[in-house]
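Structure assessment
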Amino acid sequence: MKKIIKVKGLTIGEGAPKICVPMIGKTLKELKLEAEYIQKLHVDLVEWRVDFFEKVEKIEKVKQALSEIRSILHSTPIIFTFRSKREGGEKEINNGYYMELNKVVAETSLSDFIDIELFNEEQDIKKLIDTAHSNGVFVILSNHDFEKTPPKEEIISRLCKAQELDGDISKIAVMPNHPGDVITLLEAANTMNEKYADRPFITISMGDYGKISRFGGFGSAISFGVATNSSAPGQISVEELRKVLEILYK
Ligand SMILES: O=C1C[C@@](O)(C(=O)O)C[C@@H](O)[C@@H]1O
């Protein structure tokens with residue numbers, strides 16, 4: 001039996017993929033405007049890509065911004081993500097601060113999820129998962145390749161590793177260099193769905209070729225769409241994404 005996740009009235013891991021919109025404001029002012037705009041779109045989840053925030057190195061400023069975002073978004077589940085430079089993010093921070101930032105944020109319970117990159121020390125990941133869980137926060141264990149699409153077996157192995165470490169959602173986003181790469185990603189998703197997944201997972205093929213992967217159909221539980229500015233190549237607008245998902249899952 002596959003686990004599902006219930007958070008603030010939302011069920012992740014069954015039915016249509018849930019729509020998540022990233023926030024990429026640089027300043028608190030921009031973030032508040034973004035949050036107010038997104039709140040009106042009634043999306044399922046919001047991801048705060050904190051690596052875009054100019055004060056990300058000041059933990060108190062991050063907490064303050066998160067608390068303001070939380071109050072604007074009311075009960076919309078929030079994913080807190082610092083995407084590292086090596087996995088396509090905006091800023092480089094040292095590993096110690098990455099762990100500390102996620103730990104402190106998890107302890108506030110202001111976000112519903114933290115996104116932790118799978119390619120970190122296992123013991124550090126496990127500690128963060130413990131902290132998150134003891135504060136009622138779910139963990140997405142993620143991996144990104146902005147250059148290429150690894151072979152199907154490798155995609156599956158990374159998703160399974162994320163399950164083994166006991167993340168609540170396993171996630172991989174990869175870049176296709178030709179249409180066949182999209183099929184590789186979708187095949188990996190389908191095999192994961194049929195054979196290995198015991199919890200929700202997210203599979204994304206980025207860029208223009210990969211757009212089709214954002215419409216689900218092979219088990220991926222969350223799809224990322226654009227409200228104001230996109231956080232990755234290939235994302236389509238929330239309105240368009242919603243329309244297609246309605247057609248496919250009605
Ligand atoms: O990992 C992901 C998925 C993503 O890269 C995408 O392709 O939609 C967008 C990121 O903001 C998010 O953290």
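In the nomenclature of an unreviewed UniProt entry, the protein chain is known as 3-dehydroquinate dehydratase of Neobacillus thermocopriae. Comment text from UniProt for the protein chain, heading Catalytic activity (unreviewed entry), reads "3-dehydroquinate = 3-dehydroshikimate + H2O". Here is the UniProt Pathway (unreviewed entry) comment for the protein chain, exactly as written: "Metabolic intermediate biosynthesis; chorismate biosynthesis; chorismate from D-erythrose 4-phosphate and phosphoenolpyruvate: step 3/7."

Considering the site of the ligand
All residues adjacent to the ligand are Glu 47, Arg 49, Arg 83, His 144, Lys 171, Ile 204, Met 206, Arg 214, Phe 224, Ser 231, Ala 232 and Gln 235. A distance of 2.7 Å separates an oxygen atom of the ligand from a polar atom in the side chain of Ser 231. Starting from 320 Å² of accessible surface for the ligand in isolation, the protein chains cover 99%. Considered class by class, the residues forming the shell around the ligand number four nonpolar, three polar and five charged.

Points about the sheet that holds strand β6 (residues 113-117)
Taking strand neighbours across the sheet as the criterion, the eight strands line up as β9-β8-β7-β6-β5-β4-β3-β10 in an open arrangement whose pairing is parallel. Edge strands, defined here as strands with exactly one partner in the open sheet, are β9 (201-205) and β10 (222-224). Pairwise comparison of adjacent strand axes, ignoring direction, gives a mean angle of 25 degrees for this sheet. Two elements, strand β7 (residues 138-145) and strand β8 (residues 169-174), share six bridges in a ladder whose sense is parallel. When the sheet's bridge partners are listed, Ser 142 is paired in β8 with Lys 171. Sheet strands touched by helix α1 (residues 28-41): β3 (18-23) and β4 (45-49). Its angle to β3, the strand with the most contacts, is close to 160 degrees. Helix α5 (residues 152-164) rests against β7, β8 and β9 of the sheet, and its axis sits at about 150 degrees to β8.

Digging into the nonpolar core
Among the nonpolar cores identified, the biggest contains 49 residues, and Trp 48 and Leu 101 are the most heavily contacted of them. Sequence-distant contacts of Leu 101, defined by excluding residues within four places in its chain, comprise Val 50, Val 56, Ile 59, Val 62, Phe 80, Phe 82 and Ile 93.

Description of the side chain of Ser 111
Structurally, the position occupied by Ser 111 is in the loop between α3 (95-108) and β6. Ignoring anything within four residues of it in the chain, the contact list for Ser 111 reads Leu 66, Ile 78, Phe 80, Val 105 and Val 137.

Comments concerning the UniProt feature "binding site: 3-dehydroquinate" (unreviewed entry) in the protein chain
Under the UniProt annotation, the feature "binding site: 3-dehydroquinate" (unreviewed entry) is placed at Glu 47, Trp 48, Arg 49, Arg 83, Arg 214, Ser 231 and Gln 235. With respect to the element layout, Glu 47 can be found in strand β4. Under the relative-accessibility criterion, Glu 47 is labelled buried at 3%. Not counting the four nearest positions on each side in its chain, Glu 47 is found in contact with Cys 20, Val 21, Pro 22, Met 23, Ile 79, Thr 81, Arg 83, Asp 115, Lys 171, Phe 224 and Ser 231. Along the chain, Arg 214 falls in the loop between β9 and β10. When sequence neighbours within four positions are dropped, the list of residues in contact with Arg 214 reads Ile 204, Ser 205, Met 206, Ser 223, Phe 224, Pro 233, Gly 234, Gln 235 and Leu 241.

A short note on the UniProt feature "active site" (unreviewed entry) in the protein chain
Under the UniProt annotation, the feature "active site" (unreviewed entry) is placed at His 144 and Lys 171. Annotated residues spanning 28 residues; largest pairwise C-alpha distance 8.4 Å, indicating a single compact cluster. Judged by relative accessible area, which is 10%, His 144 ranks as buried. Among the polar contacts made by the side chain of His 144, one reaches the side chain of Arg 83 at a distance of 3.2 Å. The residue Lys 171 is located in strand β8 in this model. Sequence-distant contacts of Lys 171, defined by excluding residues within four places in its chain, comprise Glu 47, Arg 83, Asp 115, Ile 140, Leu 141, Ser 142, Asn 143, His 144, Leu 159, Ile 202 and Phe 224. For Lys 171, the side chain forms a polar contact with the side chain of Asp 115, separated by 3.5 Å.

Reading the values: rules and limits
Residues numbered from 1 in each chain as written. Predicted model: local features only at pLDDT ≥ 70, side-chain atom pairs only at ≥ 80, totals over all residues. Heavy atoms only, no water. UniProt positions renumbered as here; feature names shortened; annotations may be inferred. Near = heavy atom within 4 Å. Polar contact = N/O pair within 3.5 Å; in protein donor to acceptor, adjacent residues only side chain to side chain. Areas by Shrake-Rupley, 256 points an atom, 1.4 Å probe, with all protein chains shown as cover. Nonpolar A, V, L, I, M, F, W, Y, C, P; charged D, E, K, R; others polar. Pairing = 2+ DSSP bridges. Helix = DSSP H or I, 4+ residues; strand = E, 2+ residues; numbered from the N terminus. Axes fitted to C-alpha atoms, helices over the stretch in contact; angles between N-to-C directions. Contact = heavy atoms within 4.5 Å. Core = buried A, V, L, I, M, F, W, Y, C linked by side-chain atoms within 4.5 Å. Buried < 20%, exposed > 50% of the residue type's maximum accessible area, 1.4 Å probe, protein only.

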